[in-house]
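# Analysis of the macromolecular model
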Amino acid sequence: MTPEQLSASIVGALTSLVEAGSVVLPDGVPAEVVVERPKVKEHGDYATNIALRLAKAAGMNPRDFAQLLADQLASADGIASAEIAGPGFLNIRVAAGAQGALAAQIVAAGETYGTSDLYSGQKVNLEFVSANPTGPIHIGGVRWAAVGDSLGRILTAIGAEVTREYYFNDHGVQIDRFARSLLADARGEDAPEDGYGGQYISDIVAKVMAAHPDVLSQPEAEALETFRAEGVDLMFAEIKASLHDFGVDFDVYFHENDLHESGAVQRAINRLDELGMMYDKDDARWLRTSDFGDDKDRVVVKSDGEPAYISGDLAYYLNKRERGFDRCIIMLGADHHGYVSRLLAMCAAFGDTPGVNLEPLIGQLVNLVRDGKPLRMSKRAGTVLTLEDLVDAIGVDAARYALARYSTDSTIDLDLDLWASQSSDNPVYYVQYAHARLSSIIRNAVDLGVVIDESTFDPSLLTIDQEGTLLRALAGYPRVVARAAELREPHRVARYLEDTAAAFHKFYDVSHVLPKGDEEPTDLHRARLMLVSATRQVLGNGLALLGVSAPERM
RNA sequence: GCCCCCGUAGCUCAGUUGGAUAGAGCGACCGCCUCCUAAGCGGUAGGUCACAGGUUCAAUUCCUGUCGGGGGCACCA
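Residues numbered from 1 in each chain as written. Chains lettered and ligands numbered in written order. Predicted model: local features only at pLDDT ≥ 70, side-chain atom pairs only at ≥ 80, totals over all residues. Heavy atoms only, no water.

## A word on the overall build of chain A
- Of regular secondary structure, chain A possesses 20 helices and 14 strands.
- If you line up chain A on its principal axes, its C-alpha atoms span 85 × 65 × 40 Å.
- When contacts within chain A are restricted to residue pairs at least 6 apart in sequence, long-range pairs at least 24 apart make up 72% of them.
- As presented, chain A carries roughly 24,700 Å² of accessible surface, and 48% of it is formed by carbon and sulfur atoms.
- Computing the positive centroid from 51 side-chain charges and the negative centroid from 81, chain A places the two 4 Å apart. (Helix = DSSP H or I, 4+ residues; strand = E, 2+ residues; numbered from the N terminus. Contact = heavy atoms within 4.5 Å. Areas by Shrake-Rupley, 256 points an atom, 1.4 Å probe, with all protein chains shown as cover. Lys, Arg positive; Asp, Glu negative; His and termini not counted. Charge placed at Lys NZ, Arg CZ, Asp CG, Glu CD.)

The following block contains the structure:
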């Protein structure tokens, strides 16, 4: 009995009541009924407030409505009891056998347990990180690497066809600054006022000069071009490698420069022109973004004839749509939130639906703390904490988990001392430890010759509270995955795993799964082993959605 | 001035179609290993859910305002 099945039973009961004429529902019977797991054990295995919600429309007292529903439900399969409580809640207890059967279903489903087809047939473009190739990925971008990649896995789990994409800003003045910074370093000069500094600059210079020993004797413009082209390539290779080591690989690395060189920018502008969205003023070309909620119109082509930054985004968005993506999700830091309204306006100007075809997600920033004091980063001074620094300090699993377990609406403080301490304070160990314990039980079961399959599994033997709680936690997994996907909130998966790991640890503490000593295996041992197998499957599936390893031993 | 996010236990944070007695980890205190991994479990202590109104049978949740913290408001990218 899963929450979905219970929901269906309640809908069935409502339908019966309506058909019998016992109740009148002007708006019809709802397609599904939300059931929740009560916080208090006395409130049963599941509870629903559907009687409270429908009573007014039915013109009935909520408790009377609930009573009718309870009587109807009492005869339904797998339901042990349904009681009315408070103003009209319905507290439901599930028959032991009906609940335990889920364990075998999970084991049979394996890696597919929790997946669905909610987004099947949808092509989703997920753009994240997209850090400029003027330096290593710093801590701000790492949050998006962890959250974005996890969101990609979660959307895939609900059936979407996901393309992970990295927009590579290799066009514009920041690249010129980068090239000038490299040249200055090669000449032994200080970094330019608006340039970049740090050890990584010197490292790149050394590589470029090794490949082009004569670069400093080239004319200025030529030397600058050599440093630009080589430097960007080296930087980009380094970024890709860091992300790969972090478990994040993109399907497409899109170069902004290509949009300008291929004429895609001009085509996008022409399209908007045809749609009547462009106008000329003060020698510049403007897009009517204020018609679609932006504060003001935006310059697309500057008065000097150069395309403004937004022109690349116009072309890039159009390009994504032409590649067949129904949904283009872009993950941006809070320092870019001011850009959201014009992106949405741009989407609308193309005649698309903002929030559907284009969906910018804003996440708050990550602060670094050391010795209780905030750490100031400066790109110019080179005091940047990079993705690799973070991984060196706390490892990939802890880093990914730590960054993915918080709502992206919250600014997070990352205490370097705490995370570097590798202490067991980190919740990722709690979940991983549960998985390792489960794996250990399964290994021992094999050694003891205890085997379980559907034919020898008696779900009605899983009767104690901790088994029921664990089973209900496992039953909730598909819904958590669906909610995490629809709300774009991977942290829900992490929190769910912590709850489920806790339910398992509590079960482990009170019930011994395997025979002790020379005890003969019983049906109860086998039933619990099935529950253990199902739990390991769910924790493993969930950790995979976060890109965190599920260790067999710790 | 305008826009976005946040304000819940000492700390870090969960809590969505609005529900019952407010949740977890860490920290503090007291317990539990002759038995499958003690990186675990049980218990105690700790709260005006920032504040004030409003909607509702019901508000931490929705609306308005105030205060506090953070981040933004270019013919820069």
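## Comments concerning a negative patch on the surface
- The grouping of Asp245, Glu388, Asp389 and Asp392 at the surface amounts to a negative patch.
- Tallying contributions element by element places helix 13 (residues 387-394) first for the negative patch, with 3 residues. (Patch = residues over 30% accessible without salt bridge, like charges linked within 9 Å, V, L, I, M, F, W, Y side chains within 5 Å. Salt bridge = Lys/Arg side-chain N within 4 Å of Asp/Glu carboxyl O.)

## Some words on the packing of helix 19 (residues 491-510) against helix 20 (residues 523-546)
- Interaxial distance between helix 19 and helix 20 falls to 10 Å at its minimum, and their mutual angle equals 160°. The orientation of helix 19 relative to helix 20 falls into the category roughly antiparallel. The two elements helix 19 and helix 20 cross, and the hand of that crossing is left-handed. Only Arg528, Leu531, Val532, Thr535, Val538, Leu539, Gly542, Leu543, Leu545 and Leu546 of helix 20 make contact with helix 19, whose side of the interface consists of Val493, Ala494, Tyr496, Leu497, Thr500, Ala501, Phe504 and Phe507.
- Of the residues in the contact of helix 19 with helix 20, the class split is 14 nonpolar, 3 polar and 1 charged. (Axes fitted to C-alpha atoms, helices over the stretch in contact; angles between N-to-C directions. Parallel < 35°, antiparallel > 145°, perpendicular 65-115°, else oblique. Left-handed = near helix turned anticlockwise from the far one by under 90°. Nonpolar A, V, L, I, M, F, W, Y, C, P; charged D, E, K, R; others polar.)

## A closer look at the packing of aromatic side chains
- Counted according to the given criterion, the structure contains 18 aromatic pairs.
- With centroids separated by 5.8 Å and ring planes inclined at 75°, the aromatic side chains of Tyr166 and Phe236 adopt a geometry described as edge-to-face. On the criterion of sequence distance, the pair formed by Tyr166 in strand 5 (residues 161-168) and Phe236 in helix 8 (residues 220-245) is long-range, its members being 70 residues apart. An identical accessibility class is assigned to Tyr166 and Phe236; each is buried.
- For the pair Phe236 and Tyr253, a centre-to-centre distance of 5.4 Å together with 90° between the ring planes defines the contact as edge-to-face. (Phe/Tyr/Trp six-rings, centres within 6.5 Å; stacked < 30°, edge-to-face > 60°. Buried < 20%, exposed > 50% of the residue type's maximum accessible area, 1.4 Å probe, protein only.)

## Description of the protein's contact with RNA strand B
- Taken together, 63 residues lie around RNA strand B, and Lys302, His337, Asp409, Ser440 and Asn444 are the ones closest in.
- Within 4 Å of the protein, atoms of RNA strand B come from sugar and phosphate in 61% of cases.
- Backbone polar atom of Val513 to a base nitrogen of RNA strand B: 3.0 Å apart, as the coordinates give it.
- Between RNA strand B and the protein, one listed contact pairs a base oxygen with a backbone N or O atom of Leu514 at 3.1 Å.
- The set of elements that each furnish at least two residues to the surface near RNA strand B consists of helix 2 (50-58), strand 3 (89-94), helix 6 (173-186), strand 8 (284-287), strand 14 (412-415), helix 16 (427-448) and helix 19. (Near = heavy atom within 4 Å. Polar contact = N/O pair within 3.5 Å; in protein donor to acceptor, adjacent residues only side chain to side chain.)

## Some remarks on the confidence of the model for chain A
- Of all residues in chain A, 97% attain a pLDDT of 70 or more, and the chain-wide mean is 91.
- Interface predicted TM-score (ipTM) for the complex: 0.95; the corresponding pTM is 0.94. (pLDDT = per-residue confidence, 0-100.)

## With respect to the sheet that holds strand 11 (residues 358-363)
- The strand order 6-5-4-10-11 describes an open sheet built from 5 strands, whose pairing is parallel. Unpaired on one side and paired on the other, strand 6 (252-255) and strand 11 mark the two borders of the sheet. Across the sheet, the mean angle separating the axes of adjacent strands is 25° when strand polarity is ignored.
- Examined bridge by bridge, strand 5 and strand 6 share 4 bridges and lie parallel to one another. Bridged to Glu165 within strand 6 is Val252.
- Across the face of the sheet, helix 8 comes into contact with strand 5 and strand 6 while running at roughly 145° to strand 5. (Pairing = 2+ DSSP bridges.)

## Section: the nonpolar core
- In terms of nonpolar packing, the biggest core is built from 134 residues, with Ile10 and Leu155 touching the most fellow members.
- Non-local contacts of Ile10, meaning those with residues more than four positions away in its chain, are made with Val33, Val35, Thr48, Ile50, Leu69, Leu73 and Ile92.
- Residues Phe254, Val265, Met277 and Tyr316 belong to the second largest nonpolar core, which totals 30 residues. (Core = buried A, V, L, I, M, F, W, Y, C linked by side-chain atoms within 4.5 Å.)

## Details of unusual backbone geometry
- One non-glycine residue with positive phi stands out, namely Val129, at about 70°.
- Within the fold, Val129 resides in the loop between strand 4 (123-127) and helix 5 (139-157).
- Residue Val129 is classed as buried on the basis of its relative accessible area of 11%.
- Even without a glycine there, the phi angle at Asp282 is positive, about 50°.
- Here Asp282 shows up in the loop between strand 7 (278-281) and strand 8.
- Judged by its relative accessible area of 58%, Asp282 is exposed.

## Focus on the pattern of salt bridges
- Within this structure, the stated rule accounts for 20 salt bridges.
- Asp294 is paired through a salt bridge with Arg298; the nearest N and O atoms lie 2.8 Å apart. Both residues of the pair, Asp294 and Arg298, count as buried.
- What you see here is one network of salt bridges that share partners, running through Asp149, Arg153, Arg164 and Arg400.

## Let's talk about helix 5
- Here helix 5 spans 28 Å end to end across 19 residues, near enough to the 27 Å set by a 1.5 Å rise per residue.
- Within helix 5, 16 of the 19 residues are buried, leaving the element largely enclosed by the surrounding structure.
- Count one or two residues on from helix 5 and you reach Gly159, which has phi positive near 100°. (Expected span 1.5 Å × (residues − 1).)

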